[in-house]
Amino acid sequence: MNKIKHYSLLLFLLLTLTTVYSQENVAEKEVIKKHLNQAVVDFSDANYDKALESSKQALVKAFAINDDLLIAQSYNTIGAIFNECSETAKAIEFYNKALVYAKKLNNDKMFNWIYSNLGSVYYFNDIDVPKGISYYKKSLFYAIKIKDTAQIEYTKLNLASAYFAIHKYDLGNRQINDIKEQILKKDNQEAKMSLHLLLGIYNSNNNQKAKGEEHFFIAKTIAEQNEFDSFLINIYENLVKHHKQYNETEKAELYQSKLDSLNKIVYSEEKIDNLKKAATQIELQEYKIQLGKIEKENELQEKTLKDSKLIVILFIVILIILLLLLLTLYKNIKLREQANLELTKANEALQEAKEKAEEASQLKSQFVSTITHELRTPLYGVIGITNIITDEHKELANSPHLKSLKFSAKYLLSLVNDILQINKIEEKRVVLENLIFNLTDEITTIQNSVEYIADKNNNKLIIEIDTAIPEFLIGDKLRLSQIIMNLLSNALKFTKNGDVALIADLKEVEGSKYFIQFKVKDNGIGIANEHQDKIFDKFVQIERKEEDYQGTGLGLSIVSRLIKLFDSDIFLESEENVGTTFTFTIGFEYDENKSREIINNIEVDLSDSHLYNILVVEDNKINQMVTKKIIQNSNMSCTIVDDGYAAIVALERERFDLILMDINMPLINGFETTRKIREKGIDIPVIALTAFDKQEVTEEAISAGMNDIMVKPFEPSKLFQVISNNIKKRESVD
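Residues numbered from 1 in each chain as written. Predicted model: local features only at pLDDT ≥ 70, side-chain atom pairs only at ≥ 80, totals over all residues. Heavy atoms only, no water.

Caption draft 1: Molecular detail of the overall build of the chain. If you tally the helices and strands in the chain, you get 27 helices and 12 strands. When contacts within the chain are restricted to residue pairs at least 6 apart in sequence, those whose partners lie at least 24 apart make up 69%. Of the accessible surface of the chain, which amounts to about 37,900 Å², a share of 50% is contributed by carbon and sulfur atoms. (Helix = DSSP H or I, 4+ residues; strand = E, 2+ residues; numbered from the N terminus. Contact = heavy atoms within 4.5 Å. Areas by Shrake-Rupley, 256 points an atom, 1.4 Å probe, with all protein chains shown as cover.)

Written as structure tokens, this is what we have:
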């Protein structure tokens, strides 16, 4: 048997003596450390039943204080004991449990030891020697990474032994030559013994009989002097093989007799029985610990359910809205299919086909406009009521249900905006704006917006911005933000426990134009080659393994079309189970004089204590409640009326600083109401509150005499800013 047994277990003594523990549970950790050290001592003395008992005590106490490092150490020690006693299935089971907790900590030293021991299981027990070698190589990688010379030496010794076992003596000898000199210089008897045993095996199989016996004798002497009984068994096994190889029967029988006697002492039936009983006790202890945790979690869930009845109702409302949306989209698809069929049949005249196509396009635009309006209106109420619940019920501030409700509402709003956005791009109604903006500020805002998704999937979001990029650029910051937001959200959804990076680099400068390359990289599940050509198409969703994947297939289509508006292209690099990288380059103008002028003219308004009286004209009762709460939270007062006629009466009776006017109302709409107000000579600011798209109503709003437009839903701070700006503008004119 060309094997020497060497485990990464004895080094636990070093670990437990050098690990720096936290101040919490110090006394309990010291007790666990003593149990583990005792297990190492008993293991070295071949008292495996006692070693297992000490390890079990350490494991139970480590679970009690919830210390992942000590749990991993305990499992690893138990695995080594079972492996030594040829209980391979148990050994692999406990090593894998240790690996689970090591991965939680990302502990390189633990990875080194566990992979080394897994290699020993598969190699020593002839389960799968090549697989054992692959585990040894993993162990060696981590040993080199942490610069642990002792572990490097032990792992190379194990690798050499494994190569010898499959008759690759030259490969094994290379491992020995790398460490031979440094082992002989040190006073590590165990390492020297292993080295001489391997040299004996190598020389014996290369027809160097005398030289091989010389090394075997040195290894045997070291093992006997230090009472390394388990290693002595391996030495006897190799001496039996050596003498049989050279037809020395008497010597072979002598060492076989010594081997049988030592095996009876080390691996007695009583010890093996004790090991099996101890294994059952360990499993029972694990089940008890897990059962206790489950009971505590159930109690916590019951308490949470009692406090969240209102949230459940709101969840149901959101689900109903989503179902209605899906039903509407389905009907729309059916209508479009029917329209296409009719157009195909009506191919008699080109003019008729053209008129029907234009009619279908107009119907689609009207449909999208109507759907977005009808969905934004209840969403304004849902988001507003969610904020009210958070403000009025502080005990629910950290409720996962409330956070999920808010996220679902915002997700639905994002979906509505995506549908409207893709429709605008298709009809070429999107025109890029040229505004001065700060790239770092925009990216920071996006980072805060996607933080929920990153936390949900336990991802690390990395932002890298080239310092050579000017502080202020000129371009369409809104569309740039939409591109980056869609790509980052996508990357964070399909990455778990990984890294997502946004990198902005200055690539080229041509006159006043600065070309900036943006990269969004992740190490998530990747995209298969056969799907990469179609991910930018509308409503395309690639099959994913993630159970919680959400989306409409619009995000990347919007990204691609917006980037084309910037006269640029987007490039994709992806590999399954490795990650994905999206790259695009956009040129922005930079005007130093304009930027300096804007910075110097920034007005800082510190007066936020004004008490304004606001008239709210709104027919929806839920929206009335939400708008009133937002205004009152901003230290303003308000009066609410249900229609335009009531608004005119209220203006005759009371003085108001500003009017918030809904557009879509019964009896008389917001535009007509504003015209009547202006006809009476009332010039106070009128702000349109609408769920329609801003571009659709801007022209009519201005002609009716309105001063500004707010699209629902909106951020409360944005509403206060618009109110304050319009009132101050009127006061400055007066």
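Caption draft 2: Just the confidence of the model for the chain, in detail. Here the chain averages 79 in pLDDT, and 75% of its residues register 70 or above. When mean pLDDT is compared element by element in the chain, strand β5 (residues 513-522) scores highest at 95, while helix α1 (residues 12-18) scores lowest at 36. Taken as a whole, residues 290-295 scores under 50 in pLDDT and shows two contacts with residues more than four places along the chain or in a different chain. This model gives residues 602-607 a pLDDT under 50, and the stretch forms three contacts once residues within four places in sequence are excluded. (pLDDT = per-residue confidence, 0-100.)

Caption draft 3: Focus on the nonpolar core. Within the largest apolar cluster, 40 residues are counted, with the highest numbers of intra-cluster contacts made by Tyr75 and Ile114. Take this core: its biggest share by element is nine residues, from helix α4 (residues 68-84). In this structure, isoleucine 114 is in contact with Asn76, Tyr95, Ala98, Leu99 and Ala102, ignoring residues within four places of it in sequence. (Core = buried A, V, L, I, M, F, W, Y, C linked by side-chain atoms within 4.5 Å. Buried < 20%, exposed > 50% of the residue type's maximum accessible area, 1.4 Å probe, protein only.)

Caption draft 4: Quick peek at unusual backbone geometry. One non-glycine residue, aspartate 126, lies in positive phi territory at about 55 degrees. Position of aspartate 126 relative to the elements: it lies in the loop between α6 (108-124) and α7 (129-145). In this structure, lysine 147 is a non-glycine residue whose phi angle is positive, near 60 degrees. Tracing the chain through its elements places lysine 147 in the loop between α7 and α8 (149-165).

Caption draft 5: Molecular detail of the packing of aromatic side chains. The tally for this structure, following the rule as stated, stands at 21 aromatic pairs. When the centroid spacing of 6.0 Å and the interplanar angle of 40 degrees are considered together, the rings of tyrosine 236 and tyrosine 255 count as tilted. Separated by 19 residues along the polypeptide, tyrosine 236 in helix α12 (residues 229-245) and tyrosine 255 in helix α13 (residues 249-266) bring together distant segments of the chain. Across the pair, exposure class does not vary: tyrosine 236 and tyrosine 255 are buried alike. Members of the aromatic cluster, joined through ring pairs, are Phe111, Tyr115, Tyr122, Tyr135, Phe141 and Tyr142. The ring of tyrosine 246 carries the charged tip of lysine 209 above its face, separated from the ring centre by 5.9 Å. (Phe/Tyr/Trp six-rings, centres within 6.5 Å; stacked < 30°, edge-to-face > 60°. Lys NZ or Arg CZ within 6 Å of the ring centre and 35° of its normal.)

Caption draft 6: Broad picture of α8. Relative to the 24 Å expected for 17 residues at 1.5 Å per residue, α8 spans 25 Å between its end C-alpha atoms, a close match to the ideal helical length. Judged by how many residues are buried, α8 sits mostly within the fold: 14 of 17 residues are covered. Structurally, the start of α8 carries an N-cap: the backbone nitrogen of alanine 150 is 3.3 Å from a side-chain oxygen of aspartate 148. Backbone geometry just after α8 places histidine 167 at a positive phi near 65 degrees. (Expected span 1.5 Å × (residues − 1). Polar contact = N/O pair within 3.5 Å; in protein donor to acceptor, adjacent residues only side chain to side chain.)

Caption draft 7: Focus on the sheet that holds strand β11 (residues 686-690). Taken together, the five strands give an open sheet; going across it, the order is β9-β8-β10-β11-β12, and neighbouring strands pair in parallel fashion. Two strands bound the open sheet, and with one partner strand each, they are β9 (637-641) and β12 (708-711). In this sheet, adjacent strand axes meet at a mean angle of 20 degrees when their direction is disregarded. Inspection of the sheet shows strand β8 (residues 613-617) paired to β9 by five bridges, in the parallel sense. Among the inter-strand pairings, valine 617 is bridged to a residue of β9, identified as valine 641. The sheet contacts of helix α25 (residues 670-679) involve β10 (658-662) and β11, and relative to β10 the element is tilted by about 150 degrees. (Pairing = 2+ DSSP bridges. Axes fitted to C-alpha atoms, helices over the stretch in contact; angles between N-to-C directions.)

Caption draft 8: Examining the pairing of β8 more closely. Of all the five residues making up β8, five are buried; the element is thus mostly covered by neighbouring parts of the structure. Residues Asn613, Leu615 and Val617 line one face of β8 and the alternating positions Ile614 and Val616 line the opposite face, and both faces are buried. Taken together, the four bridges between β8 and β10 define a ladder with parallel strand orientation. For leucine 615, the partnering residue across the bridge sits in β10 and is isoleucine 659.

Caption draft 9: Broad picture of a nonpolar patch on the surface. The grouping of Val312, Ile316, Ile320, Leu324, Leu327 and Tyr330 at the surface amounts to a nonpolar patch, some 560 Å² of accessible area in total. Within the secondary structure layout, tyrosine 330 lies in helix α15 (residues 309-345). On the basis of relative accessible area, tyrosine 330 is assigned to the partly exposed category, the value being 47%. (Patch = residues over 30% accessible without salt bridge, like charges linked within 9 Å, V, L, I, M, F, W, Y side chains within 5 Å. Salt bridge = Lys/Arg side-chain N within 4 Å of Asp/Glu carboxyl O.)

Caption draft 10: Just the pairing of β10, in detail. Burial within β10 is extensive, with five of its five residues counted as buried. Along β10, one buried face is formed by Leu658, Leu660 and Asp662 and the opposite face, lined by Ile659 and Met661, is buried too. Pairing analysis gives four bridges linking β10 to β11, with the strands arranged parallel. Pairing of leucine 660 across the sheet is with isoleucine 687, part of β11.

Caption draft 11: Structural detail: the pattern of salt bridges. Tallied over the full model, the rule gives 22 salt bridges. Across the salt bridge formed by lysine 29 and aspartate 67, the nearest N and O atoms sit 3.2 Å from each other. Of this pair, lysine 29 sits in helix α2 (residues 26-44) while aspartate 67 sits in the loop between α3 (48-64) and α4, and the two are 38 residues apart along the sequence. In this structure aspartate 67 comes out as buried when scored by relative accessible area, which is 11%. Across the pair arginine 655 and aspartate 657 runs a salt bridge whose closest N-O atoms are separated by 3.0 Å. Arginine 655 sits in the exposed class, given a relative accessible area of 59%. Judged by its relative accessible area of 10%, aspartate 657 is buried. Through salt bridges with shared partners, a single network forms among Lys90, Glu93 and Lys97.

Caption draft 12: Representation of the environment of phenylalanine 588. In this fold, phenylalanine 588 is placed in strand β7 (residues 579-589). Sequence separation of phenylalanine 588 and phenylalanine 566 is 22 residues, and the distance between their C-alpha atoms is 9.5 Å. In this structure phenylalanine 588 touches Phe437, Leu473, Ile474, Gly475, Leu480, Ser512, Lys513, Tyr514, Ile516, Phe518 and Phe566, once residues within four positions along its chain are discounted.

Caption draft 13: Examining the environment of valine 450 more closely. With respect to the helices, strands and loops of the structure, valine 450 is situated in the loop between α18 (439-449) and α19 (451-456). Judged by its relative accessible area of 1%, valine 450 is buried. Once the C-alpha coordinates of valine 450 and methionine 485 are considered, the two residues, 35 residues apart in sequence, prove to be 7.7 Å apart. Residues contacting valine 450, with those up to four places away along its chain left out, are Leu461, Met485, Ser489 and Leu492.

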